[in-house]
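An overview of the molecular structure
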Amino acid sequence: MPQDPTDFEWSYWIEWGRGRILWLLAGHLLVSQLSRLLVEKYKPWCLMVYGMAACWLLLGIKGFAVILLHAAVSFAVAQFQLSLLTWLCSLILLSTLRIPTVEETKRKWYDTENEYYLLLFTVSVRCLFCTSFSLEYCWHGPTQKSSHSFPWMLAYVFYYPTFHNGPLMNFDEFSKQMRRQEAVSVKSNLSILIVGIIRIFFWWCLAELMIHLMYIHALYSSALPLESASYWALGGLALAQVLFFYVKYLVLYGVPALLLQMDGLKPPALPCCVSLMHSFTKMWRLVLIAFQTLLICCFTYRYIYVPMGGSQSSLLGMLFSTALTFAFVSYWHGGQSYLWYWGALNWFGVIVENGTKRILSISLIQDLT
């Protein structure tokens, strides 16, 4: 039975995975394990060189130069140690991805649209990594600056398992864990690898079964079946789409998470099943952190929401910090009008839930209930 071709993201990454990326990830695993066994002290630099070579191979010299330029500019601006200036630099670099003339120039570098989109997706995610490094640099004192050198930034930016699609690991966690030297247990690593591969293969089979049998996205792209469906059927379709989204990211983030484990790093948690969630706020904090949408929201929670006061600030402060979080999420994803509507509705949902909790926590209301 033919598969549903309308889920672009799944088809796109599976095609690239089968083509080159899976082989490059296997190469990273080999380099990582050899360097851990033979030259543990130089493992970050071995992986950095490998990541640069993989980037050059897939994106070409011009794509490699764009990412290196972004890293160099971000590092230079970070030397001023001003968070606001770092954010301004990050937004400007991100905005260059949407300048029509620049887009057309980059398209001419490649033979196919898929190759151009790989550059676009990679640079978008690298912008987050550059921003993470720069903000951590701004927040640390002079005694810690030596651990935030440009070579360490390159090791972080060109770390290959998270290179094209995430997930995001902030720079402090990456550098701290990468510097930690531990005895390598070949037997333990082999066990982790085998169990991880079996899990990912199971999730991949389940996702392929869903996309071959359920045609969720094809139904959503046609108004006629949706107009004729009952409310119960529409609810079932919505749940099915969210569940497929969940299974899809168990695969797309399960592969890099397994490689992070093999490198001796602690990967970000994989998503919880959305069917177990009842709180809108909890869903944003736990479920979506490992999704592509919350690759960015995990980032904004640490670098926007918390620095702006978050839930610890006044009501207006919480409204403002939450709005900034969703505004950046919408802009990073492309800034189209439907994304702003999506961000506004999610912001409203979080605010309503938090507002209700605050009202119910008032002693007078508790006495009445």
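So, a few notes on the structure that sits alongside this text. All values reported here derive from a predicted model rather than from experimental measurement.

1. What about the overall build of the chain?
Of the regular secondary structure elements, the chain holds 17 helices and 0 strands. Counting across all 369 residues of the chain, residues that qualify as buried make up 46%. By sequence separation, contacts in the chain at least 24 residues apart represent 73% of the contacts at least 6 residues apart. Roughly 18,700 Å² of accessible area belongs to the chain as shown, and the carbon and sulfur atoms make up 70% of that amount.

2. Looking at the packing of helix α1 (residues 8-38) against helix α12 (residues 254-262)
Contact pair α1 / α12: the axes reach a minimum separation of 10 Å and the direction vectors enclose 10°. The orientation of α1 with respect to α12, classified from their angle, is roughly parallel. For the pair formed by α1 and α12, the contact residues are L25, L29, S32, Q33 and R36 on the first element and V255, L259 and M262 on the second. Its residues assigned to classes, the contact of α1 with α12 shows 5 nonpolar, 2 polar and 1 charged.

3. Brief notes about unusual backbone geometry
Excluding glycine, residues mostly carry a negative phi; peptide bonds, for their part, are mostly trans. Notably, Q81 is not glycine yet its phi reads approximately 55°, a positive angle. Secondary-structure assignment places Q81 in the loop between α2 (43-78) and α3 (83-95).

4. A look at the pattern of salt bridges
Enumeration over the complete set of coordinates arrives at 5 salt bridges. Close ionic contact of K248 with D7 constitutes a salt bridge, the shortest N to O distance being 3.3 Å. Taken together, the residues span a long stretch of sequence, with K248 in helix α11 (residues 231-252) and D7 in the segment before α1 at a distance of 241 residues. Assessed through its relative accessible area of 4%, K248 is described here as buried. A residue is classified by how much of its surface remains accessible, and D7, at 3% relative accessible area, is buried. With a shortest N-O distance of 3.8 Å, R107 and E104 are connected by a salt bridge. Residue R107 and its partner E104 are both found in helix α4 (residues 100-107); the two are separated by 3 residues, about one turn of the helix. We classify E104 as partly exposed; its relative accessible area is 43%.

5. Some remarks on the side chain of N346
With respect to the element layout, N346 can be found in helix α16 (residues 337-360). Here the side chain of N346 touches W342 through a polar contact of 2.7 Å, landing on its backbone oxygen.

6. Remarks on the side chain of D263
Inspection of the secondary structure puts D263 in the loop between α12 and α13 (280-287). Here Y159 takes part through its side chain, which lies 2.3 Å from a polar atom of the side chain of D263. Ignoring anything within four residues of it in the chain, the contact list for D263 reads H28, S32, Q33, R36, K43, L47, Y159 and P161.

7. Quick word on the environment of S149
In this fold, S149 is placed in the loop between α5 (113-139) and α6 (150-157). A residue is classified by how much of its surface remains accessible, and S149, at 24% relative accessible area, is partly exposed. Remark: the alpha-carbon pair of S149 and F133, spanning 16 residues in sequence, is separated by 9.9 Å. Setting aside its immediate chain neighbours within four residues, S149 contacts F75 and F133.

8. With respect to the environment of A78
Mapped onto the elements, A78 comes out in helix α2. Spatially, the C-alpha atoms of A78 and S134 are 5.1 Å apart, while their sequence positions differ by 56 residues.

9. A look at the state of the cysteines
On inspection of all chains with the given rule, the structure shows 0 disulfides. Free cysteine: C89, not disulfide-bonded; nearest cysteine sulfur from C130 at 8.6 Å.

10. Things to note about a nonpolar patch on the surface
A surface patch of nonpolar side chains, about 710 Å² in accessible area, is lined by L30, L34, L37, L38, V39, Y42 and V186. With 4 residues, α1 is the single largest residue contributor to the nonpolar patch. Relative to the helices and strands, V39 is located in the loop between α1 and α2. By relative accessible area, V39 is classed as partly exposed at 35%.

11. A few points about the nonpolar core
Grouped together as the largest cluster of nonpolar side chains are 81 residues, with contacts concentrated most on L59 and F158. A total of 14 residues in this core trace back to one element, the largest contributor, which is α2. No fewer than three residues from each of domain 1 (8-179) and domain 2 (271-368) sit in this core.

12. Concerning the packing of aromatic side chains
Tallied over the full model, the rule gives 29 aromatic pairs. Taking the centre distance of 5.2 Å and the plane angle of 55° together, the rings of F75 and F150 count as tilted. Separated by 75 residues along the polypeptide, F75 in helix α2 and F150 in helix α6 bring together distant segments of the chain. Put simply, the rings of F75, F129, F133, Y137, F150, Y156, Y159, F171 and F174 touch in pairs and so form one group of aromatic residues. Its guanidinium or amino end placed over the ring of Y331, R98 lies 4.8 Å from that ring's centre, counting from NZ or CZ. Residue placement shows R126 over the ring face of F129; its charged tip is 4.0 Å from the ring centre.

13. What about α2?
Here α2 is 36 residues long, yet its end C-alpha atoms lie only 26 Å apart, well below the 52 Å a rise of 1.5 Å per residue gives. G60 marks the point of greatest bend in α2, at about 120°.

Thresholds, definitions, all that
- Residues numbered from 1 in each chain as written.
- Predicted model: local features only at pLDDT ≥ 70, side-chain atom pairs only at ≥ 80, totals over all residues.
- Heavy atoms only, no water.
- Helix = DSSP H or I, 4+ residues; strand = E, 2+ residues; numbered from the N terminus.
- Buried < 20%, exposed > 50% of the residue type's maximum accessible area, 1.4 Å probe, protein only.
- Contact = heavy atoms within 4.5 Å.
- Areas by Shrake-Rupley, 256 points an atom, 1.4 Å probe, with all protein chains shown as cover.
- Axes fitted to C-alpha atoms, helices over the stretch in contact; angles between N-to-C directions.
- Parallel < 35°, antiparallel > 145°, perpendicular 65-115°, else oblique.
- Nonpolar A, V, L, I, M, F, W, Y, C, P; charged D, E, K, R; others polar.
- Salt bridge = Lys/Arg side-chain N within 4 Å of Asp/Glu carboxyl O.
- Polar contact = N/O pair within 3.5 Å; in protein donor to acceptor, adjacent residues only side chain to side chain.
- Disulfide = S-S within 2.5 Å.
- Patch = residues over 30% accessible without salt bridge, like charges linked within 9 Å, V, L, I, M, F, W, Y side chains within 5 Å.
- Core = buried A, V, L, I, M, F, W, Y, C linked by side-chain atoms within 4.5 Å.
- Domains from an automatic or database assignment.
- Phe/Tyr/Trp six-rings, centres within 6.5 Å; stacked < 30°, edge-to-face > 60°.
- Lys NZ or Arg CZ within 6 Å of the ring centre and 35° of its normal.
- Expected span 1.5 Å × (residues − 1).
- Bend = angle between axes of the 7 residues up to and from the residue.

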